[in-house]
Amino acid sequence: MAIRQSGISLKEFNTFGMDVKARDFSRVSTLDDLWQVMDWIENEPGKLLFLGGGSNLLFTSDFDGWAVAIQNKGIEILSRNEDFVRVKVAAGENWHDFVMWCVENGFGGLENLSLIPGNVGSSPIQNIGAYGVELKDSFQSLEAYDLESREKLVLEFKDCRFGYRDSIFKQELKGRVILWSVTFRLSVQPVVQLSYGAISQELNAMGILNPGIKDVSEAVCRIRRSKLPDPAEIGNAGSFFKNPVVSAEKAEMLQASYPGIVTYPVPDFQVKLAAGWLIEQCRFKGFRRGDAGVHPNQALVLVNYGSATGSEILELAEEIQQAVLEKFDVLLEMEVNVV
Ligand code: FAD
Ligand code: EPU
């Protein structure tokens, strides 16, 4: 049975560590809980916010609505053959714990996505990605519920319209559905994915010549720990901006003026630019105003050193956007959801 709490702090529910209050708050572990909360909301209309691990959110004020923490649990093997296993995972499962479960069981595909904070239910929303792999590469389908009709929807790969840090859940279905479980198709004959140079370097440093998925997972964890701040120590939400994608012509022009610019080719004659490099060139790396700052090792990560407010972080983000726009004529799009 769901419980309604009023005026509680959401500090534990966002990795920026913003001490904001929710007008109303509930945890849901079952569909009955969910519909009970939705009944309450129908009677007292107001804003609704689902919370997973709160690792891609920035609260700029108290939340004047209903915050609903999704906490359903369960990992189920649906089928298995010589090559693949299909695994259905509840939205409320922790992402990294699930990846570790896969690695322990020898199921390959998600090991490069080790140590990404947050929950399984949020992972398709921005098609999480890291170290040469995206969620979509192992995705089979998901179950969601339409919040208005309360009908169950099953979305297959093509329905989700995955892109770089993008999916239908950030577009047409934004705010209209709750993601309830995700089914993955994982390899039981895993082939490791080492396209991202830093992984091979780390494996070499670890003295591993023939890596398996466990080794790749360990290498990714080591790289991440060396580069990214741990939210348990310094509040942050990972990359604050997406890496911008520009036309090949625009990239060539930038390269002519800035030979050191970091670029990656992407399909459709487009080029992805490393936003961290652009921000660093605007001299924001390591910048700090009060408790709001830009991480000294990774300029794409904005941080809360303790008591920064969400508005202070947002103000800094907008200043960075403006500086990058003026210098490079490139608009940085925020990855983090500002509430
Ligand atoms: P939340 O922040 O709780 O929610 C994100 C959004 O989804 C919100 O709008 C929320 O309302 C909505 N939502 C959440 N759950 C549901 C649901 N079940 N149904 C409908 N809507 C829902 N991301 C990457 O892609 N790659 C990385 O390498 C990476 N590294 C990170 C490193 C650090 C240190 C941190 C703090 C973050 C990093 N991120 C990365 C971002 C973040 O981990 C991912 O975006 C993650 O998927 C967010 O999950 P969450 O459960 O915390 O989502
Ligand atoms: N760089 C700089 N200065 C910086 C940071 C980066 O010059 O301060 C340049 C470096 O040349 C570096 C390159 O940018 O080689 C890329 O940096 P990094 O490998 O750290 O990756 P990123 O592009 O900054 C992206 C994702 C991360 C993901 C990593 C690893 C986005 C927005 N971010 O970061 O995802 O973990 O690649 O694959 O795509 C997240 O989304 O929250 C996130 C952390």
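Quick look at the site of ligand 2
Point 1. Around ligand 2, the structure places 23 residues, and the nearest of them are Tyr-131, Tyr-164, Tyr-196, Ser-239 and Glu-280.
Point 2. A distance of 2.7 Å is found between an oxygen atom of ligand 2 and a side-chain nitrogen or oxygen belonging to Tyr-164.
Point 3. Calculation on ligand 2 without its partners gives an accessible area of 820 Å², and the protein chains cover 82% of this total.
Point 4. The set of elements that each furnish at least two residues to the shell around ligand 2 consists of α5 (213–227), β13 (235–239) and α7 (275–281).
Point 5. Here the shell around ligand 2 takes 3 residues from α7, the largest share from any one element.
Point 6. Broken down by class, the residue content of the shell around ligand 2 amounts to 11 nonpolar, 5 polar and 7 charged.

Quick word on the domain arrangement of the chain
Point 1. Domain assignment breaks the chain into domain 1 (5–70), domain 2 (75–187) and domain 3 (235–338).
Point 2. A C-alpha centroid distance of 22 Å is found between domain 1 and domain 2.
Point 3. Every contact between the two is made by 16 residues of domain 1 and, on the other side, 14 residues of domain 2.
Point 4. Both faces combined, the contact of domain 1 with domain 2 buries some 1200 Å², and carbon together with sulfur accounts for 67% of it.
Point 5. On the domain 1 side of the interface with domain 2, the three residues burying the most area are Leu-31, Trp-35 and Ile-70, jointly 43% of the side's total.

What counts, and where the lines are drawn
Residues numbered from 1 in each chain as written. Chains lettered and ligands numbered in written order. Predicted model: local features only at pLDDT ≥ 70, side-chain atom pairs only at ≥ 80, totals over all residues. Heavy atoms only, no water. Near = heavy atom within 4 Å. Polar contact = N/O pair within 3.5 Å; in protein donor to acceptor, adjacent residues only side chain to side chain. Areas by Shrake-Rupley, 256 points an atom, 1.4 Å probe, with all protein chains shown as cover. Helix = DSSP H or I, 4+ residues; strand = E, 2+ residues; numbered from the N terminus. Nonpolar A, V, L, I, M, F, W, Y, C, P; charged D, E, K, R; others polar. Domains from an automatic or database assignment. Contact = heavy atoms within 4.5 Å. Buried area = accessible area lost by both parts, 1.4 Å probe.

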